[in-house]
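Read off the chains here:
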Amino acid sequence: MSVPTQLTFNFVSPVPKAAKQETEVRSSGKWAWVEAAVWTERMLAALDNGVNGGKWFSLIDKVYNPKTLSAAWLKVAANKGAAGVDKISIKRFGLRAQLYLTELEQELRGGTFQPSAVKRVYIPKDGKKTRPLGIPTVKDRIVQTALKMVLEPIFEKEFLPTSYGFRPCRGCKDALREVDRLLKEGYTWVVDADVKSYFDSIPHDLLMGRLKERISDGKVLHLIALFLRQDILEGMACWNPISGTPQGAVLSPLLANVYLHQLDLVLNRHGFKMVRYADDWVVLCRDNDEAKTALSQIQSWIADNGLELNSGKTHIGSSRQPGEGFEFLGYRFESGCRYVRAKSLKRFKDNIREKTRRTRGDSIEKIISDLNPTIRGWFGYFKHAHHYTFNSLDGFIRRRLRAVLSKQQKRPDSGRTDKDHRLWPNAFFAERGLFTMREAHVLARRSR
């Protein structure tokens, strides 16, 4: 197949190591994050000033523009990830990237593009449970990324500040800070709501209706509908979903936010203090009556929009009372304190156990070097938890290391005996660079 001379895709290497391009950089302002290859200054001005009828036309040419597809490929390559059903990996795609991107451009321009089936796999969740995850092909991930770069600013302009999940320049820590602020202001009654299988339950017709409120390009809408109806391949079985957005797809987080944006509007209009991270949210209220009213509003919206609340995980409680706290983004808020959620704690300990198996034959220095990034990263997120957590975990980690050392000396001890502590005191591990959360917590409090 010949490559038309007017289409040019430039690459530094077959598989780029970074996704950031010069075209992405904006000097400053609220739109500094947008893809400049797509969003020109003129388009951004229209975004700020508004467009006729509030709807955007003629967007498909932005999706199949070679510059957009090149930028999308760089992002997909930087995120790595597994091959889809076509077995074309990131590395293999990179070896023929110019040809593949040219083919994608022609298919999108001509309206012949058809996404491949999504490969379904299962990843661990909370011990013995698993969570389904969809793996699209590299080509489909590139097209979805291109769509996301075109559509995201349009909807980002509409989203409320109460939403934090999968949005530019916002994240878990911002949501947690807002929860802290509201609790300190006296909003201590909490509605903790959970939607049953949210990503798998979003009604396609209602979601497309939300998209049509801002998008009038039929070809873009058709492309999104194709991705919503992608076949799912699991082993030898293949089926077509009638609802939901596949977890693992590039577009899914944006589409999920578009759908729940209406709930944000409803609660905001009634003056409720909601903090939402994708499908995980809490509503903070001043008293029980207000919380009951908020839950009633949520239940009504959920029922009217084709979703279902998980009754076992939805409750109202005063976060000041023992046993009535709530969990949000890995933390548990209760009795005026912030703790690490039990499931988050168990997952961390399981990770440490895996890295400190007694049969591991590496030197203690190598094991500590392997442990430190995990411990630092975990502490970086949970450093606002109650301090006793860190004392306990430091002791747990050292016990695991003493058990490894004991095994290497062919001794039966498990790292808990007085002899173990005398042989390998805390200073022994400190001298070898073991990151200590208790000390890091003390230093963090001093620096405030």
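Right above here is the structure, for reference.
What you see is a predicted model, and the numbers here were worked out from it, not measured in a lab. (Residues numbered from 1 in each chain as written. Predicted model: local features only at pLDDT ≥ 70, side-chain atom pairs only at ≥ 80, totals over all residues. Heavy atoms only, no water.)

Asker: Sorry, what's going on with the sheet that holds strand β11 (residues 337-340) here?
Answerer: Backbone hydrogen bonds are what pair the strands of a sheet, in a parallel or an antiparallel way. Spatially, 3 strands are ordered β9-β10-β11 in an open sheet, and the strand pairing comes out antiparallel. On the outer flanks of this sheet lie β9 (326-328) and β11, each paired with one strand and no other. Averaged over all pairs of adjacent strands, the angle between strand axes in this sheet comes to 30 degrees, irrespective of strand direction. Looking at chain direction, strand β10 (residues 331-334) and β11 are connected through 4 bridges and run antiparallel. Paired with Glu334 across the strands is Cys337, a residue of β11. (Pairing = 2+ DSSP bridges. Helix = DSSP H or I, 4+ residues; strand = E, 2+ residues; numbered from the N terminus. Axes fitted to C-alpha atoms, helices over the stretch in contact; angles between N-to-C directions.)

Asker: Got a minute to help me understand the pairing of β10 in this structure?
Answerer: Consecutive residues of a regular strand have side chains that alternate between opposite faces of the sheet. Relative to β10, β9 is paired through 3 bridges, and the arrangement is antiparallel. By the bridge assignment, Phe326 is partnered in β10 with Phe333. Between β9 and β10, which pair antiparallel and follow one another directly, the connecting turn spans 2 residues, one of which, Leu329, has a positive phi of 55 degrees.

Asker: Help me understand the packing of aromatic side chains in this model?
Answerer: Taken as a whole and assessed by the stated rule, the structure comprises 19 aromatic pairs. Between Trp73 and Phe93 the ring centres are 4.8 Å apart and the planes differ by 45 degrees, which places this aromatic pair in the tilted class. Within this pair, whereas Trp73 is found in helix α3 (residues 66-79), its partner Phe93 is found in helix α4 (residues 90-95), the two being separated by 20 residues in sequence. Each member of the pair, Trp73 as well as Phe93, carries the same accessibility label: buried. When the centroid spacing of 5.2 Å and the interplanar angle of 70 degrees are considered together, the rings of Phe379 and Phe390 count as edge-to-face. Of this pair, Phe379 sits in helix α14 (residues 364-382) while Phe390 sits in helix α15 (residues 388-408), and the two are 11 residues apart along the sequence. In this structure, Phe379 and Phe390 share a single accessibility class: buried. An aromatic cluster is built from Phe326, Tyr331, Phe333, Phe348, Trp378, Tyr381 and Phe382, whose rings are joined through pairwise contacts. Arg170 extends its terminal NZ or CZ atom over the ring of Tyr164, reaching a point 4.3 Å from the ring centre. The ring of Phe396 carries Lys349 above its face, with NZ or CZ at 5.2 Å from the centroid. (Phe/Tyr/Trp six-rings, centres within 6.5 Å; stacked < 30°, edge-to-face > 60°. Buried < 20%, exposed > 50% of the residue type's maximum accessible area, 1.4 Å probe, protein only. Lys NZ or Arg CZ within 6 Å of the ring centre and 35° of its normal.)

Asker: Looking at this model, I keep getting lost on the packing of helix α13 (residues 342-355) against α15. Mind explaining?
Answerer: Each packed pair of helices is defined by two parameters, the angle between the axes and the distance between the axes. In contact at an axis separation of 10 Å, α13 and α15 are set at 20 degrees when each is read in the N-to-C sense. One way to sum up the angle between α13 and α15 is to call them roughly parallel. Handedness of the α13/α15 crossing: right-handed. Residues Leu345, Phe348, Lys349, Ile352 and Arg353 of α13 touch α15, and the partners they reach there are Thr389, Leu393, Phe396, Ile397 and Arg400. (Parallel < 35°, antiparallel > 145°, perpendicular 65-115°, else oblique. Left-handed = near helix turned anticlockwise from the far one by under 90°. Contact = heavy atoms within 4.5 Å.)

Asker: Hey, could you run me through helix α7 (residues 172-184) in this one?
Answerer: Residues lying three or four places apart along an α-helix face the same way, a consequence of the helix completing one turn every 3.6 residues. With 13 residues, α7 ought to run about 18 Å at 1.5 Å a step, and its terminal C-alpha atoms sit 19 Å apart, in line with that. For α7, the complete set of buried residues consists of Ala175, Leu176, Val179, Leu182 and Leu183. Across the axial projection of α7, the buried residues extend over an arc of 125 degrees, all falling on one side. Away from its buried face, by an angle of more than 90 degrees, α7 presents the exposed residues Arg177 and Lys184. (Expected span 1.5 Å × (residues − 1). Arc of directions from axis to C-beta.)

Asker: Quick question: what am I supposed to make of the pairing of β11 here?
Answerer: Taking every second residue as pointing to the same face, the buried face of β11 carries Arg338 and Val340, while none of Cys337 and Tyr339 on the other face is buried. In this antiparallel pair of consecutive strands, β10 and β11, the connection spans 2 residues, and Ser335 shows a positive phi of 55 degrees.

Asker: I'm lost on the layout of surface pockets in this one. Help?
Answerer: In this structure, the second largest pocket encloses a volume near 500 Å³. It is α7 that provides the largest number of residues to the lining of the second largest pocket, a total of 3 residues. Here the lining of the second largest pocket is composed, by residue class, of 4 nonpolar, 8 polar and 8 charged. (1 Å grid on protein atoms, 1.4 Å probe; cavity = no way out; pocket = protein on both sides within 12 Å on 5 of 7 lines; lining within 4 Å. Points joined across faces, edges and corners; volume = space filled by probe spheres on them. Nonpolar A, V, L, I, M, F, W, Y, C, P; charged D, E, K, R; others polar.)

Asker: I would appreciate a short explanation of the environment of Glu334 in the present structure.
Answerer: When you line up the elements, Glu334 lands in strand β10. Taking the relative accessible area as the measure of exposure, Glu334 reaches 15% and is therefore buried. Through-space distance from the C-alpha of Glu334 to that of Pro322 is 6.3 Å; in sequence the pair is 12 residues apart. In this structure, Glu334 is in contact with Ser319, Gln321, Pro322, Gly323, Glu324, Gly325 and Tyr339, ignoring residues within four places of it in sequence. Here Arg332 takes part through its side chain, which lies 2.6 Å from a polar atom of the side chain of Glu334. (Polar contact = N/O pair within 3.5 Å; in protein donor to acceptor, adjacent residues only side chain to side chain.)

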